[in-house]
There are 2 protein chains.
Amino acid sequence: MAGDGSERALQYEQTLMYGRYTQDLGLYAREEAARLREEAGLRRSLSDRRKSLELLEFEKGRCAKCRICTVRCQKFLISRVGEDWIFLILLGLVMALVSWAMDFCIAICLQAQKWMFGGLESNVFLQYLAWVTYPVVLISFSAGFTHIVAPQAAGSGIPEMKTILRGVVLKEYLTLKTFVAKVIGLTCALGSGMPLGKEGPFVHIASLCAALLSKFMSLFGGIYENESRNIEMLAAACAVGVGCCFAAPIGGVLFSIEVTSTFFAVRNYWRGFFAATFSAFIFRVLAVWNKDEETITALFKTRFRLDFPFDLQELPAFAVIGIASGFGGALFVYLNRLIVQFMRKQKTINKFLMKKRLLYPALVTLLISTITFPPGFGQFMAGRLTQKESLVTLLDNRTWAKQGIAEEFDYIGHSQAWQHPQVNVFVTLLIFIVMKFLMSALATTIPVPCGAFMPVFVIGAAFGRLVGESMAAWFPDGIHTDSTTYAIVPGGYAVVGAAALSGAVTHTVSTAVIVFELTGQISHILPIMIAVILANAVAQSLQPSIYDSIIRIKKLPYLPELGWGHHEKYNIRVEDIMVRDVRYVTLNSTYRDLHDVLLTGHLKTLALVESAESMILLGSIERAQLQALLSQQLGRPRRLEYMHQRAQADKKRLSEISEDGGQRVSQEVRFQISTEESSYSPPRSVSPKPLKPALKRSSVVERSTEIPISPQDSGIALKNLFCAYPETEGLEDDPYMEDDMTIREIAEWEELQLDEQINFDNCKIDPAPFQLVERTSLHKTHTIFSLLGLDHAYVTSIGRLIGVVSLKELRKAIEGSVTGKGVKVRPPLASFRDSGTSSSETEATELHKLWDRHTSISLPREHLQTSDSDDKSQ
Amino acid sequence: MAGDGSERALQYEQTLMYGRYTQDLGLYAREEAARLREEAGLRRSLSDRRKSLELLEFEKGRCAKCRICTVRCQKFLISRVGEDWIFLILLGLVMALVSWAMDFCIAICLQAQKWMFGGLESNVFLQYLAWVTYPVVLISFSAGFTHIVAPQAAGSGIPEMKTILRGVVLKEYLTLKTFVAKVIGLTCALGSGMPLGKEGPFVHIASLCAALLSKFMSLFGGIYENESRNIEMLAAACAVGVGCCFAAPIGGVLFSIEVTSTFFAVRNYWRGFFAATFSAFIFRVLAVWNKDEETITALFKTRFRLDFPFDLQELPAFAVIGIASGFGGALFVYLNRLIVQFMRKQKTINKFLMKKRLLYPALVTLLISTITFPPGFGQFMAGRLTQKESLVTLLDNRTWAKQGIAEEFDYIGHSQAWQHPQVNVFVTLLIFIVMKFLMSALATTIPVPCGAFMPVFVIGAAFGRLVGESMAAWFPDGIHTDSTTYAIVPGGYAVVGAAALSGAVTHTVSTAVIVFELTGQISHILPIMIAVILANAVAQSLQPSIYDSIIRIKKLPYLPELGWGHHEKYNIRVEDIMVRDVRYVTLNSTYRDLHDVLLTGHLKTLALVESAESMILLGSIERAQLQALLSQQLGRPRRLEYMHQRAQADKKRLSEISEDGGQRVSQEVRFQISTEESSYSPPRSVSPKPLKPALKRSSVVERSTEIPISPQDSGIALKNLFCAYPETEGLEDDPYMEDDMTIREIAEWEELQLDEQINFDNCKIDPAPFQLVERTSLHKTHTIFSLLGLDHAYVTSIGRLIGVVSLKELRKAIEGSVTGKGVKVRPPLASFRDSGTSSSETEATELHKLWDRHTSISLPREHLQTSDSDDKSQ
């Protein structure tokens, strides 16, 4: 299966170039490509040897040995890892450059705003105008640009990546257009100084980058078109996205796993680590080369004391931060969803906003920047600090409030922003937290590329700081009762709060690791872990994660997770949720049946059963394949052939009469047949779609790209099926034969054709579609669907097809929206009891239903009088 | 499915108590239990309320608020998380206590040795005797104790856990005996001062602890017997094991995932984090309460400078450490395997050692302790330091060798051990590395509970230190060219080396995280990540991990991983490796067929097909179930019934003659039937084994515990099947009827019974055993087997059973031991080309084979002349 894709690509090209003879030419081209690749390999190894020789001569230099080592290691890696690591390094490199360049631009944008603001200090009104206009323009541009270039670039992108990694390919989310829109939109959005984050979009950008790189690399190699490989690479790309955004390789890998995967293949672990490490490395090296830093360090380096980071008795305070963050995180998700739903429900607002798309972003930006206007309300909430500056000050290791009196602290640098002559630092912090909370929840609903991680992170840090400052004020000499006094470090609380709140909003534990990598200190590991776990426990029990919430809002085809305590899932069976009215074709169906089935059904695949009576499932066929079959049967080429044959017969009759021109006709016939063969099955319609038994992934947009025939190609009956699709390509008209049949003749001919039995010879059939038994529990079904990335599964009973269950039914059942049968959420401790009693009962009935049914089919019902066997088998 | 187990347990008890009426009583008991549980819940909530009221009154105290919060949070957690978190907390607590107590004992043991050694300073010979005898005695005791109590406790335990988490339940590895043997054996082994580690055994101990705790908790709750839940808990336990061994919760979770899992369910992530964090917390809190530490800090805290941890130009040196560690790690694994295989191959040695089991451990210990004898050779390799002390000195942030002259350094404390008047510190380090390397590889082959992680970690640290010291000697003023000079920190190199070598030996990346948590510093994150990834790349390409190596040596039923570049796996199909001679029963088989099949086959499950002609697979039945069926048919109760009926018929005839005593006989008959019902199907034979479709896990030892009947119960024909099993329980003899049939009569009766058709009514059938198509690729088969934890899968072709493939065949195919058909390892870059061409060809043939076959079965072969359809479908 590894090379199917590349082969398809190759073949497609050759088909275009040479018209036919695809197979042979494809083989030739492949051999040629292999030869070229081998030669390139030889040349490369030669040049490598030369290089190492040169290096040997150069050995007087300091790093020569190291370089030789590097060269050797490189050669070794090339020979071992194949091409994977090259891809990962390229990906890491590109993403590091993108991340660094974007940071650079954002910094310039923010500086420009500050410069404007500073320059107009004389006039408050002008200052306000400048302060407000700048972000409004940037956000409006970002929203407009995104909307025009690629509307799917708006938002975080993590929900979409989760869906894609689940197996549902949303192709429009992985295009170059989206990449451009996302990068430029994100730069502008972040440059505006709104409380938006770059993490989520970066996950998306990295995935886009990986997808584009895959496409680019597929020009050279073969495996880059392999679907499962691409999924693996996308998973690695998500890690790179987080990794190069925060220079946090480990946290990046873990965060991306938690946020995007359901089941994680440990064998792909190294990919993420490798790429994320390389990316983070380059990202930080760029900072060193740009003289921003002296050496590679953490992004938000803290300098807490190492010898006594915190006292044991401070732990309850950390736990409180965790629990409060849990509630806060849930509230944030709820608020965010509420705003979106409010905007959608209010029809008048909605209509108005749909018309003037830029108005909503502009209004929100205006509101937020008005609030943060430093000489105005912003003075009470450190409004003039950028997100990054606030975070740096919040993680400061000095205590702001000594003995509860804020004035004693000598504020320097950015920390001055937290000082206000009238109100003390606690009030400032409180206002900051509340306002930022509301502003962030509002800002993340703007349709620009933006994430919610960083704003939430800052709010969490502020909350932690507030608790820490309170603790410091409460225990001015520290809690420790021994001789040595260790003062409380509020910065440590800020770190804990940041990890806890961001963990609560995203439902992840790995924010702890991200925090370690961001701050470069791991001394607070236990408080952070405790707070993050508590925050997760609370938040997960109240609300879905922000990403799952967006998935629900956007109605993406994703399978929700089963909750912790939902033991009721064991009681629901597939038969309760399956669709019993399955569309199928039988082995002896006519084309007319096929036509009717295609008209009525909507599923992407159709079941193939032996006969309508036996209903034994033989396989499944993709809709597109069947449409191709039908269009072949009714298509113009076949009709032309029919006409030609008729004409030939006529001519033969004529020649039998006149005995001349026979030679010419037979020539023409041969040619006709060959033309028929090449246009009969155009390369796109029967491109070698690999057979995908069991582990199949289907794409949502497949239908629109894989429609095998152009509408003008189709006959009357086909028009019903294909009328929705625009003209895609002109048919090369057969110059030797004009379509001189009347519409009535065509209809008659089609009626005849439709009564023929289907010829499945040219049709790709999946011989092992995934099957479930009707009493498989919802829980198990969910596991299997998640594990294998299924889209649908047939429900069979001893080989007989009795139903089909797709992602949609499963999602409905899990979300409890199936009335009467859905999952009713009951207290977990109660449900736990129920599942104990019901499952074994149903197991027994399952068995006996099965057996009763089967005995009624093939066995004499001689054992049915033993109805007490139920009790015995228990 | 959640409550099957508890129900089974309940039911079993009641069966013993009341003889029959199981079902009704089971229901009653369950209701009763539910009522009691509800009452307990009410009572608990009442007492909670009272407690919080008391606390409110107590509010003058400092921590009152915190306590109220804690109580509330506790209540909240109880209501939300159900019981899982209680289990995890208990597990964490127990493991922390075990770890701490063990560390305490080990420290005492080591101190005792030092004290003895110090006390005998006058006489070198006595000193030597004491130095050598002490570890020999301890190791011999450990080996002997382990061998007597539970031989499976020897070694690391991680390979076994990997196998168990793969789905193969090795029950004898999870018993109380093993727990005792492992804990005591490990304490003695580590107390001896040999280069052994505690990490691997701790993973095993934690799993044992979880398994035992599960058993214990199942006395109270219901879900603790659920198999899949237990597997989840075992995975969490592995994390706890590492976490409380190193006080490294995050590293513990990641390491355990990397080492034990193939596919990881992200929804179980929190369990590991929760339990490991709690465990690590308690473990470190114990140290604080014991006044060892002032507050919670890292185990091997380092104090490297934060502002400039390393220079960018030092990175090549770190990369060199990584690559060299990769080779070193591979060498270690190879050496370790070589020693084991050498000891096994040498038959004379082997025989001798098998007789005197304690000799080998004693000899090895003698050798190693002789080498480390401080006044002897030990003086050149810091022999008097324990493992922990060496590590602490190696991670020291001072430079030992200034300007290459070792004498200038002012050695204090344990660091003195590295100083020698004649040789400089480089030589000492080199000798230390080489000798420790050999000693560790040798010591880990001793059959005591021991791991290899910690010794390897120390060797890595020494190697890193060596490189670091060399760098420090080479660049005495640091590499940095700016005004400020930053000296090189050799301790940082030691950290990198430790992570890289342990990563190389175990094939994990997460050793990096463990190192951060162990040292409490994350400043060297990039060098460590780079070194670990390089070490992994090198080591993985040369050797399997130490755990996989042990799995191969021990021949555990584990599925090996598919390598990186093994694209050939795509070319092998299931039909190449499957067993075609499948044992099956048909719906109309007689008991005689069943008897024959059971005698010849060995698989744990048998296929059930419709008939020998159609071969349509209907399901699979466990061997034990079939044996129960057979024994029911031929068992004594049935024979007695038969005799009774015969007797009754005789009596009836008699009564027809004499017309008296009818009343008595009919009474007896009624009673007989009821007895028959209760003893007919003894609770153990048809205990409600839950039906496990698709996702089934079967246990290796199941057969021995699940034999449903005692041998004396069985007839002559059954004797063949069950003669191997010892008498398990006496049959309660029926006092009303003695077995007065002669052997000949019995044999005749059995022949009659064997000719009857099988009645499957009482038999649990898995209606959806996992099925593959014959052309499923090896790669996909491997993925499915790993994902679903399958033991075997049937190979079907359009419903017809044509073969079976089990873990064994799959393993053989992957390891290439199937002659002619196995995987030949070719250069990965070459194979990459092959897979591109071959896969699509085979897909096509697959399709057409399928269709050809099917058309030959049910369709007229009218379409077969279109043989050029191959080309078109391409």
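Thresholds, definitions, all that
Residues numbered from 1 in each chain as written. Chains lettered and ligands numbered in written order. Predicted model: local features only at pLDDT ≥ 70, side-chain atom pairs only at ≥ 80, totals over all residues. Heavy atoms only, no water. Pairing = 2+ DSSP bridges. Helix = DSSP H or I, 4+ residues; strand = E, 2+ residues; numbered from the N terminus. Axes fitted to C-alpha atoms, helices over the stretch in contact; angles between N-to-C directions. pLDDT = per-residue confidence, 0-100. Contact = heavy atoms within 4.5 Å. Phe/Tyr/Trp six-rings, centres within 6.5 Å; stacked < 30°, edge-to-face > 60°. Buried < 20%, exposed > 50% of the residue type's maximum accessible area, 1.4 Å probe, protein only. Lys NZ or Arg CZ within 6 Å of the ring centre and 35° of its normal. Parallel < 35°, antiparallel > 145°, perpendicular 65-115°, else oblique. Left-handed = near helix turned anticlockwise from the far one by under 90°. Nonpolar A, V, L, I, M, F, W, Y, C, P; charged D, E, K, R; others polar.

S.K.: Just give me the short version of the sheet that holds strand S7 (residues 792–797) of chain A, but keep the residues and values in it.
M.R.: Residue and element names in this part refer to chain A. Taken in spatial order, the three strands line up as S6-S7-S8 in an open sheet, and their pairing is mixed. Looking along the sheet, the strands with just one partner apiece sit at the ends: strand S6 (771–773) and strand S8 (800–806). The mean angle between the axes of side-by-side strands here comes to 40 degrees, regardless of whether they run parallel or antiparallel. One ladder, built from three bridges, connects S6 with S7; its direction is parallel. Note on S7: the bridge partner recorded for Val-773 is Thr-796.

S.K.: Any chance you could break down the confidence of the model for chain A for me, citing the residues and the numbers?
M.R.: Residues and elements named next belong to chain A. With 69% of its residues at a pLDDT of 70 or more, chain A has an overall mean of 72. Predicted confidence for residues 1–26 stays below pLDDT 50, and this span has 49 contacts to residues more than four positions away or in other chains. Across residues 661–717 the pLDDT falls below 50, and counting only partners more than four positions away or on other chains, this stretch makes 134 contacts in the model. The ipTM value of the predicted complex is 0.71, and its pTM value is 0.72.

S.K.: I'd love a proper account of the packing of aromatic side chains, names of residues and values included.
M.R.: Within a pair of aromatic rings, the relevant descriptors are the distance that separates the centres and the angle that separates the planes. For the coordinates displayed, the defined rule picks out 32 aromatic pairs over all chains. Measuring from ring centre to ring centre gives 5.6 Å for Phe-332 of chain A and Phe-437 of chain A, while their planes differ by 80 degrees; the resulting arrangement is edge-to-face. Placement of Phe-332 of chain A in helix H12 (residues 315–345) and of Phe-437 of chain A in helix H16 (residues 425–443) is noted, with a sequence separation of 105 residues between them. Residues Phe-332 of chain A and Phe-437 of chain A agree in their burial class; the two are buried. Their ring planes at 25 degrees and their centres at 5.8 Å tell us that Phe-453 of chain B and Phe-457 of chain B sit as a pair that is stacked. One end of the pair is Phe-453 of chain B and the other is Phe-457 of chain B, both in helix H17 (residues 453–474) and four residues apart, which spans about a single turn. The class for Phe-453 of chain B is buried, based on a relative accessible area of 3%. Given a relative accessible area of 3%, Phe-457 of chain B falls into the buried group. Taken together, the ring pairs connect Phe-117, Tyr-128, Trp-131 and Phe-373 of chain A into an aromatic cluster. A cation over a ring is seen here: Lys-198 of chain A above Phe-202 of chain A, with NZ or CZ 4.7 Å from the ring centre.

S.K.: How would you sum up unusual backbone geometry? Please name residues and give values.
M.R.: All names here are of chain A. Although it is not a glycine, Ala-247 adopts a positive phi angle of roughly 55 degrees. Residue placement: Ala-247 occurs in the loop between helix H9 (227–246) and helix H10 (249–260). When its relative accessible area of 13% is taken as the criterion, Ala-247 is described as buried. Located in the positive-phi region is Lys-555, a residue other than glycine, with phi close to 55 degrees. One can find Lys-555 in the loop between helix H21 (546–554) and helix H22 (574–577).

S.K.: For the sheet that holds strand S4 (residues 617–622) of chain B, give the residues involved together with the corresponding values.
M.R.: Residue and element names in this part refer to chain B. As summarised here, the arrangement of the four strands in space is S2-S3-S4-S5, forming an open sheet in which the pairing is mixed. Looking at which strands have only one partner, the edges of the open sheet turn out to be strand S2 (584–586) and strand S5 (765–766). Sheet topology note: the strand S3 (residues 605–609)/S4 ladder contains five bridges and is antiparallel. Its bridge partner being in S4, Val-609 is matched across the sheet by Leu-617. The strands that helix H24 (residues 623–634) touches are S3 and S4; relative to S4, the one it contacts most, it runs at about 80 degrees.

S.K.: So what's going on with the packing of helix H16 (residues 425–443) of chain B against H17 of chain B? Residues and values would help.
M.R.: Residues and elements named next belong to chain B. It is the contact of H16 with H17, at a shortest axis distance of 9 Å, that shows an interaxial angle of 160 degrees. One way to sum up the angle between H16 and H17 is to call them roughly antiparallel. Between H16 and H17 the crossing geometry is left-handed. The residues of H17 that touch H16, namely those facing Phe-426, Leu-429, Leu-430, Phe-432, Ile-433, Lys-436, Phe-437 and Ser-440, are Pro-455, Val-458, Ile-459, Ala-462, Phe-463, Arg-465, Leu-466, Glu-469, Ser-470 and Ala-473. For the contact of H16 with H17, the residue count by class is 13 nonpolar, two polar and three charged.

S.K.: Describe the environment of Phe-104 of chain A, listing the residues and the values that go with them.
M.R.: All names here are of chain A. Considering the arrangement of structural elements, one finds Phe-104 in helix H4 (residues 84–119). Residue class for Phe-104 comes out partly exposed when judged on its relative accessible area of 41%. Residues Phe-104 and Phe-141, spaced 37 residues apart in sequence, show a C-alpha to C-alpha distance of 19 Å.

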